[in-house]
Amino acid sequence: MRNDQPLIFERSKPGRIAYSLPALDVPAVDVSELVPADYLRTEEPELPEVSELDLMRHYTALSKRNHGVDSGFYPLGSCTMKYNPKINENVARLAGFAHIHPLQPEETVQGALELMYDLQEHLKEITGMDAVTLQPAAGAHGEWTGLMMIRAYHEANGDFGRTKVIVPDSAHGTNPASATVAGFETVTVRSTVDGLVDLDDLKRVVGPDTAALMLTNPNTLGLFEEHIVEMAEIVHEAGGKLYYDGANLNAILGKARPGDMGFDVVHLNLHKTFTGPHGGGGPGSGPVGVKADLIPFLPKPVIEKGENGYYLDYDRPQSIGRVKPFYGNFGINVRAYTYIRSMGPDGLKAVSEYAVLNANYMMRRLAEYYDLPYDRHCKHEFVLSGRRQKKLGVRTLDIAKRLLDFGFHPPTIYFPLIVEECMMIEPTETESKETLDAFIEAMIQIAKEAEENPEIVQEAPHTTVVKRLDETTAARKPILRYQKET
Amino acid sequence: MLHRYLPMTEEDKREMLKTIGVASIDDLFADIPEQVRFRGEMKVKPAKSEPELWKELVALAEKNANLKQYVSFLGAGVYDHYIPAVVDHVLSRSEFYTAYTPYQPEISQGELQAIFEFQTMVCELTGMDVANSSMYDGGTALAEAMLLSVAHTKRKKVLISSAVHPQYREVVRTYAKGQQLEVKEIPYDGGVTDLAALEAEMGDDVACVVVQYPNFFGQIEPLKAIEPLVHEKKSLFVVASNPLALGILTAPGAFGADIVVGDMQPFGIPTQFGGPHCGYFAVKTPLMRKIPGRLVGQTTDEDGRRGFVLTLQAREQHIRRDKATSNICSNQALNALAASVALSALGKRGVKEMAAMNMQKAHYAKSALEQRGFASPFAGPFFNEFVIRLGRPVDEVNGRLLEKGIIGGYDLGRDYPELAGHMLVAVTELRTKEEIDRFVNELGDGHA
């Protein structure tokens, strides 16, 4: 095995340090006098011993082996990999935001509470909801929070028979998983050949046991569920609630609001639509908005504005309780707030207009070279099928790997599950036409290669620091940590 | 419109519309039904330029009393610690912070390797076999530990020590409601979990027993005495742990813990009003295939080069959907990186030194207060936090301290009525002797 990039542990050498702590200025006491012998650690944790420069070189080298939005185009569908503004980072690092303790007296954190309150007000307006909580840490956490509120609502009405949550077959995997964690059973509703929820199937599955329908709109195919009003009626008539998965909100800012479409609960992904950086997988932030009849069930505490300033209200007898220690991922919320204030109402509307323009442009230009399963205007993302290339022996996975050679992050692949050899492309509004064109040209070239020289695609990538990795062995014989060779 | 984040020019727009075959962008929104189309102007504050917005937000931040200006003795699960300068420089590499989950390993080796190193560090500190790539925070990690225990044992009752962080317990109760689990609290005695009460509650129906080490009061729980009570009934032993304390204390893994969770905030993550912090989750090998969240594994590429991939994904929501035992998707990867960098900077020696310094300073502060006549209700060994009885309302005392530039400790009466008038005091390596002496002097004399 070749180890081209050493682990930090492999750079370690006893006697090196990369820290600087002050000298102890209180009388020294041997910790063995303070801790009972059984509880005093005898085996030291194997942590690295490196100098500060060793450390910086190590992580700089790692960063060079990583692709981010600042490195190049990242059209990962449903993830909204837009530009992460730099002022957001500076604001989040201000001492008055980064170095405040969540349990300080309220009068010492009025600026933080004001920011959170104002962010909630803005998110209410953008989504058309009546109240917002910032407590959930990410989208999936918001889904579960929303479903717990729906459960509490039904139970408060003495309605204990609503055990089922309906999700479309095109839904994000988190939807059914969140339903399970919230104690519901999942029922799947089919999509039609047009890629929209099948209303007849919805009527068939909805009933007195329906707690909610979870819906992404535009859906994961990038299509607007144009029968949304009718769907809301069907679900509401049966006594269920309508849940909005906000992963795709980037398509409709200032154009349509979930609250006006009949949704009762909405979660947002501030790390998607509102530029919280994705961080290599997180942290995110997943605020939840609700209509008035669900307000009593919001997680506590709730931020209120009183005569003497902002305060945290814990006196919420019907609340589902806490979903997270403290008040949510505040640092991400600061970034989202900064972004909203940088854009204003016109800017936010323009975001969705350009996100949709870019997606439609790419879709039209690529339709000649790849199968387009749903031939109509898309919203902020669209899906292509690689079934034509599959017949030539080139899989969607190969196409994705070949894109790496062109310096692009591939689209989301093999999702939604209902499209064969699926590629889900979301360009976002922050990309220039030149970038879109370069990606389109690469995709066209790959389509040609699939016909003329499939090996070059099948054997891709050719330019990355590693070639395709053996995932089967990784799962069969898992090595999940470094062990020092003895 | 002209905006620095929106690059399309009018000319670009015209060309693109022509390619699409529509006259205007509005035509692309024609599928939104008239009745739900938003027509007005959103009541969003008008856009501000970068310098104007910066000025406004600096002023807003300055309305908060920050821990760099004030001297803080507040902990209760979130601590003001030394953050090596290198941490923020690494986090500011945009190759890390502007990337997403490493779904494409060939162009994500940096992130994958960093997580693999993080997993290793968590295992080393906790004495466990397998750690995941992070959870939201310590509280939700603990709730997920409960869900794993319930799924693994097929039992629906959970015992949790009342000396576990009150907010963690609240989160656990919220998660329990969804799956109709019974959560029973075990009282504390002398500042640690009451062993007799625990033994009395133990039964074949208990999925797991949860304790915190050191616990919410800073006390070192007797894990050695608790473990046999738990395993005798084939329940899982869940320990929530401050990872800094594990620089000095015997690892929970060595005491037979099955699941160890907690928050990496003490390592390189600012307090930032309670989040984002970084949950960690570690298990023994038998639970490996049930651990929630993302895992990174080592493998090789076609040329035999070492590389890293996301692995054992069959556990996760995007594969198992409604059969998944956890719904976690986004995690706290960037903060896991922060913790890794801080742990690399501190290293083997620094973690121990910093932990020892916390312990010594906290003990100095407690002795100084005792000399002034303040009594502590708990006599057991503790880490960097302890409880003292003030004999007066804590918020009143804290109000006076604030005027002197000191943020006082946590008011335990908020969660433990029997501890009204008691303060939980945290002393980290950042507090100087002079600051501790000033704090003690400001508190005056006790009424012990």
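An unreviewed UniProt entry annotates chain B as Probable glycine dehydrogenase (decarboxylating) subunit 1 originating from Geobacillus jurassicus. Regarding chain B, the UniProt comment filed under Subunit (unreviewed entry) reads as follows: "The glycine cleavage system is composed of four proteins: P, T, L and H. In this organism, the P 'protein' is a heterodimer of two subunits." Check the Sequence similarities (unreviewed entry) section of the UniProt entry for chain B; it says "Belongs to the GcvP family. N-terminal subunit subfamily."

Identification of chain A as Probable glycine dehydrogenase (decarboxylating) subunit 2 from Geobacillus jurassicus is taken from an unreviewed UniProt entry. Per UniProt, chain A has the following entry under Sequence similarities (unreviewed entry): "Belongs to the GcvP family. C-terminal subunit subfamily."

J.: Explain the side chain of threonine 428 of chain B to me, please; I cannot follow it from the model alone.
T.: Residues and elements named next belong to chain B. Relative to the assigned elements, threonine 428 resides in the loop between strand E16 (422-426) and helix H13 (433-443). A residue is classified by how much of its surface remains accessible, and threonine 428, at 5% relative accessible area, is buried. For threonine 428, the side chain forms a polar contact with the main-chain oxygen of aspartate 80, separated by 2.9 Å.

J.: Sorry, what's going on with the nonpolar core here?
T.: Nonpolar side chains in soluble globular proteins generally cluster together in the buried interior. By size, the foremost hydrophobic cluster in this structure holds 135 residues, and its most contacted members are Phe274 and Leu348 of chain A together with Phe217 of chain B. Looking at this core element by element, the count peaks at 18 residues for helix H10 (residues 330-366) of chain A. With residues near it in sequence (within four places) discarded, phenylalanine 274 of chain A still touches Leu123, Ile126, Leu249, Leu253, Leu268, Asn269, Arg335, Ala336, Tyr339, Ile340 and Leu348 of chain A. Core analysis: the next-biggest nonpolar cluster, separate from the first, contains 84 residues, Val209, Leu337, Ala339 and Ala342 of chain B among them.

J.: Got a minute to help me understand the UniProt feature "modified residue: N6-(pyridoxal phosphate)lysine" (unreviewed entry) in chain A in this structure?
T.: Residues and elements named next belong to chain A. Here the UniProt feature "modified residue: N6-(pyridoxal phosphate)lysine" (unreviewed entry) sits at Lys272. Mapping lysine 272 onto the fold places it in the loop between strand E6 (265-268) and strand E7 (288-290). Given a relative accessible area of 9%, lysine 272 falls into the buried group. Beyond its immediate sequence surroundings of up to four residues, lysine 272 is in contact with Ser78, Cys79, Thr80, Lys82, Ala247 and His278.

J.: It is not clear to me how the interface of chain A and chain B should be interpreted in this structure. Could you clarify?
T.: Size of an interface: often given as the accessible area lost when the parts come together. Listed as interface residues are 210 residues of chain A and, on the opposing side, 197 residues of chain B. It is Tyr39, Arg341 and Leu480 of chain A in chain A that bury the most area against chain B; as a group they hold 5% of the surface buried on that side. Applying the counting rule to chain A against chain B returns 20 salt bridges. For the salt bridge of aspartate 4 of chain A with arginine 305 of chain B, the shortest nitrogen-to-oxygen distance reads 2.8 Å. Where chain A packs against chain B, one counts 103 residue pairs in polar contact (both at pLDDT 80 or more). Of all the elements, H10 of chain A adds the most residues to the side of chain A that touches chain B, at 27 residues. The residue makeup of the side of chain A that touches chain B, split by class, is 112 nonpolar, 53 polar and 45 charged.

Criteria and thresholds
- Residues numbered from 1 in each chain as written.
- Chains lettered and ligands numbered in written order.
- Predicted model: local features only at pLDDT ≥ 70, side-chain atom pairs only at ≥ 80, totals over all residues.
- Heavy atoms only, no water.
- UniProt positions renumbered as here; feature names shortened; annotations may be inferred.
- Helix = DSSP H or I, 4+ residues; strand = E, 2+ residues; numbered from the N terminus.
- Buried < 20%, exposed > 50% of the residue type's maximum accessible area, 1.4 Å probe, protein only.
- Polar contact = N/O pair within 3.5 Å; in protein donor to acceptor, adjacent residues only side chain to side chain.
- Core = buried A, V, L, I, M, F, W, Y, C linked by side-chain atoms within 4.5 Å.
- Contact = heavy atoms within 4.5 Å.
- Buried area = accessible area lost by both parts, 1.4 Å probe.
- Salt bridge = Lys/Arg side-chain N within 4 Å of Asp/Glu carboxyl O.
- Nonpolar A, V, L, I, M, F, W, Y, C, P; charged D, E, K, R; others polar.

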